Amino acid sequence: MGGEKIDLKPLEENRYELDVRGYSCPYPEVFARRALEKIDSGEILELKLDNKPSCERVPLAVEEEGHECLDVDQLEKALWIIRIRKK
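Looking at an unreviewed UniProt entry, one finds the protein named UPF0033 domain-containing protein, with candidate division MSBL1 archaeon SCGC-AAA259O05 as its source organism.

What follows is the structure, given as structure tokens:
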């Protein structure tokens, strides 16, 4: 798990996307935490994923660290986006 590269893509000012499709727990949670370390307080991370259990685990994990999970949206049958505001 040490060699994976986080591809944090800027979307617009104060918003970033991290695509973790293809990964199952605990990777989306780990990558979300790493990405949150790279952005500034108040900025939004949009986590794109295809692993349904992560839709529950990721919001709980980031909220435990004090961040705010804004929403979890299902975009397609097996595609979700989790929006997180960094504390």
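After that view, the rundown keeps rolling.
A word on the overall build of the protein. Within the protein, the secondary structure is distributed over two helices and five strands. Sequence-ordered secondary structure for the protein, helices as α and strands as β, is β-β-α-β-α-β-β. Taken against the 2.2 N^0.38 rule, which gives 12 Å for 87 residues, the C-alpha radius of gyration of the protein at 12 Å falls within 12% of a compact globule. Here the C-alpha coordinates of the protein stretch approximately 30 × 30 × 25 Å along the principal axes. Here the protein holds 87 residues, and the buried ones make up 39% of them. Of all intrachain contacts in the protein linking residues separated by at least 6 positions in sequence, the fraction that spans at least 24 positions is 62%.

Let us now look at the nonpolar core. Among the nonpolar cores identified, the biggest contains 17 residues, and Leu18, Leu45, Leu47, Leu49, Val58, Ile82 and Ile84 are the most heavily contacted of them. Listed by contribution, the elements that provide at least two residues to this core are helix 1 (27-38), strand 3 (44-49), helix 2 (54-64) and strand 5 (79-85). Apart from the residues within four sequence positions on either side, Leu49 is in contact with Val20, Arg21, Ser54, Cys55, Ala78, Leu79, Trp80 and Ile82.

Parameters and conventions
Residues numbered from 1 in each chain as written. Predicted model: local features only at pLDDT ≥ 70, side-chain atom pairs only at ≥ 80, totals over all residues. Heavy atoms only, no water. Helix = DSSP H or I, 4+ residues; strand = E, 2+ residues; numbered from the N terminus. Rg over C-alpha atoms; globule rule 2.2 N^0.38 Å. Buried < 20%, exposed > 50% of the residue type's maximum accessible area, 1.4 Å probe, protein only. Contact = heavy atoms within 4.5 Å. Core = buried A, V, L, I, M, F, W, Y, C linked by side-chain atoms within 4.5 Å.

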